[in-house]
Amino acid sequence: MNTNKVSPKLYYGWIIVLITFITLLVSAGIRSMPSILMLPLENEFGWSRGGISAVVSVGIFLYGLVGPFSAALLQKFGIRRVMVVALAVLAASLAVTPLMTSLWQFELLWGFVAGLGSGMMANVLGVTVANQWFVKRKGLVVGMLTASAATGQLLFLPLLAKITADSGWRYAMYTSVAVILVLLVIVALWMRNHPYDVGSAPYGSDEISKPVPFKGNIIVTPLLVLRSALRNKTFWLLAGTFFFCGFSTNGLIGTHLIPACGDIGISGVVAAGFLAIMGLFDLVGTTLSGWLSDRFDSRWLLFWYYGLRGLSLIFLPYALHLGYMEMMIFTVFYGLDWIATVPPTVKISSNAFGREQAGMIFGWIVVAHQIGASVAAYGAGVMRDWLGTYTVSFVAAGFVCILAALMAIRISKAGGKDQLIGA
C-alpha cells in the first residue's frame, strides 16, 4: 500500500511549495544577518567596515557560485537529501561562529561555510521545485518562492536585531541555529523529490512519469551548459542585468542600509524594521510579478522593474536625511521591486534554454547576480571608509539599474534561441 498518496483535494505539490518557501525564507533570513552584525562586530573586535564587508562579499559570491552545481546535485541526489545536508552544514557553521575571535575565522565560518551551505538553498532550489512539480502556474510558484527571500527579512531581521540589541549578537546566532534544526526535521519528514514519489503527475498535466535521471558529472555538466550558454546573446543580457540586480539589492541595500541608518543616528532595530517592511511589500510585488510573467512580455516587465528601482535608489540619500516619512516612501516603493526581477528572468531563461537545462542556466545567471552583489557589498564598505558616507554608492547603483532597464529590452522576444553569437 502506498502511504504517500494523498487526497485529490490537495495536490501534494502545494505542500512541497510550502516547505520550500519556509526553507528559502529561513535561508534568506540567515543570509541577511551580516547587516545586523556589522556594527556589533565593529565595536567588539575593532574590525573595519571594509574588512567585515569583505567577509560578506565572499559569502555572497559563494552563495551564487554554488547555484549551477546545486542544480545538478538536486537532479542527481534528489531535493530532500540535498536540503538536509545543506541545512546541517549551515547549522554547524552558525553554531561555531559565536566562538570566533579573529576576522579570518569569521571569513571561514561565514564567508565560506555558510556561503556554500545557504547557496544550496538559493533561487535554484525554487526553480527546480517549480519545474519538477508544475506545468501550469509555474510563474506564480516561482514568484512565491522568490518572494520568500523578502519574507525572511520580514520575519527574521527585526527579531534578530531585537535579540542582538537586548542580549548580544551571539544569542541571535543561537536562535538561528534552533530554527534551522526544527526546519531540518520538517524537510526530512515531509519533503519529496518529484510528483512520481507520491503517485501524481505535475500540476497541469495528466501524465504520471518517472523523473528523467541525471546524466553526466555534477561538476562537468554545469560547466558544459555554461559553455553552450556563452554563445547565446540572451544569456549575456540576462546575466548582465542580473549582475546589476545583485549590485543594487542584497549586495548594497541588504548589507549596508542598516549601517547607513546607524551613521545618521537611526537605531538598528528601526533600520531592520525598514528592511522588514521592504520584505512585506516585496512579498506582494514579487508574487504579483510571477502572475504578470505568465501573462505579459517579460522583457518589458524587467524594463520597468529596473528603471523604477534605479529612480528609488537615486532618491535614497535624500530620504535618509529628510526624515522617517521619506524613508517610508522609499521603503515601500523599493520594496515592491526588491526581487520582482526574478520571475521574468526565469521565464525568459526557461523559454530560451529549455526545461531540462533551466535550473543550471538560471544558476549561472544567479552567479552573475551574486558577483554584482559581492562587488557592491565590498565596494560600498570601502567607499564608506574612504568618504564617510554611502551617498556615492547609492546613486551609482541607481544609474546602473537604469542601464539594466535598457539592456532588458534588447533581449530577443523569441527567447534567444536564434541569437547565437557569431551566427
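Worth saying up front: this structure is predicted, and the values here are computed from it rather than measured.

Student: Give me the overall build of the chain: which residues, what numbers.
Tutor: Across its full length, the chain carries 18 helices and zero strands. In terms of overall dimensions, the chain is globule-like: its C-alpha atoms have a radius of gyration of 21 Å, near the 22 Å expected for 423 residues. If one aligns the C-alpha atoms of the chain with their principal axes, the spans along those axes are about 60 × 50 × 40 Å. Expressed as a percentage of the 423 residues in the chain, the buried residues total 57%. Summarising the internal contacts of the chain: among those between residues at least 6 apart in sequence, 85% fall at separations of at least 24. Just so you have it, the chain exposes about 16,900 Å², and 68% of that area is on carbon and sulfur atoms. Each charge sign in the chain was given a centre, from 27 positive and 16 negative side chains, and these centres are 11 Å apart.

Student: Residues and numbers for helix H3 (residues 49–65), please.
Tutor: Look at H3: 24 Å from first C-alpha to last across 17 residues, which is about the 24 Å you get at 1.5 Å a residue. Of all the 17 residues making up H3, 13 are buried; the element is thus mostly covered by neighbouring parts of the structure.

Student: Report on the environment of His194, specifying residues and quantitative values.
Tutor: Here His194 shows up in the loop between helix H9 (169–190) and helix H10 (220–229). The buried category is assigned to His194, whose relative accessible area is 8%. Along the primary structure His194 and Gln105 are separated by 89 residues, whereas in three dimensions their C-alpha atoms are 39 Å apart. Here the side chain of His194 touches Tyr196 through a polar contact of 3.0 Å, landing on its backbone nitrogen.

Student: Could you give me a rundown of the environment of Ala239, with the residues and numbers involved?
Tutor: Among the structural elements, Ala239 can be located in helix H11 (residues 233–248). Counting along the chain gives 129 residues from Ala239 to Ala368, while the straight-line C-alpha distance between them is 5.5 Å. With sequence-adjacent residues up to four places away left out, Ala239 is seen in contact with Ile365 and Ala368.

Student: Explain the confidence of the model for the chain residue by residue, including any values.
Tutor: For the chain, the average pLDDT comes to 84, and 94% of its residues sit at 70 or higher. Taking the mean pLDDT of every element in the chain, the minimum, 78, falls on helix H8 (residues 138–167) and the maximum, 94, on helix H18 (residues 391–408). Between residues 1–7, whose pLDDT stays under 50, and residues either more than four places distant or in other chains, the model counts six contacts. Confidence drops under pLDDT 50 across residues 416–423; counting only partners more than four residues distant or on other chains, this segment forms 19 contacts.

Rules used in this analysis
- Residues numbered from 1 in each chain as written.
- Predicted model: local features only at pLDDT ≥ 70, side-chain atom pairs only at ≥ 80, totals over all residues.
- Heavy atoms only, no water.
- Helix = DSSP H or I, 4+ residues; strand = E, 2+ residues; numbered from the N terminus.
- Rg over C-alpha atoms; globule rule 2.2 N^0.38 Å.
- Buried < 20%, exposed > 50% of the residue type's maximum accessible area, 1.4 Å probe, protein only.
- Contact = heavy atoms within 4.5 Å.
- Areas by Shrake-Rupley, 256 points an atom, 1.4 Å probe, with all protein chains shown as cover.
- Lys, Arg positive; Asp, Glu negative; His and termini not counted.
- Charge placed at Lys NZ, Arg CZ, Asp CG, Glu CD.
- Expected span 1.5 Å × (residues − 1).
- Polar contact = N/O pair within 3.5 Å; in protein donor to acceptor, adjacent residues only side chain to side chain.
- pLDDT = per-residue confidence, 0-100.

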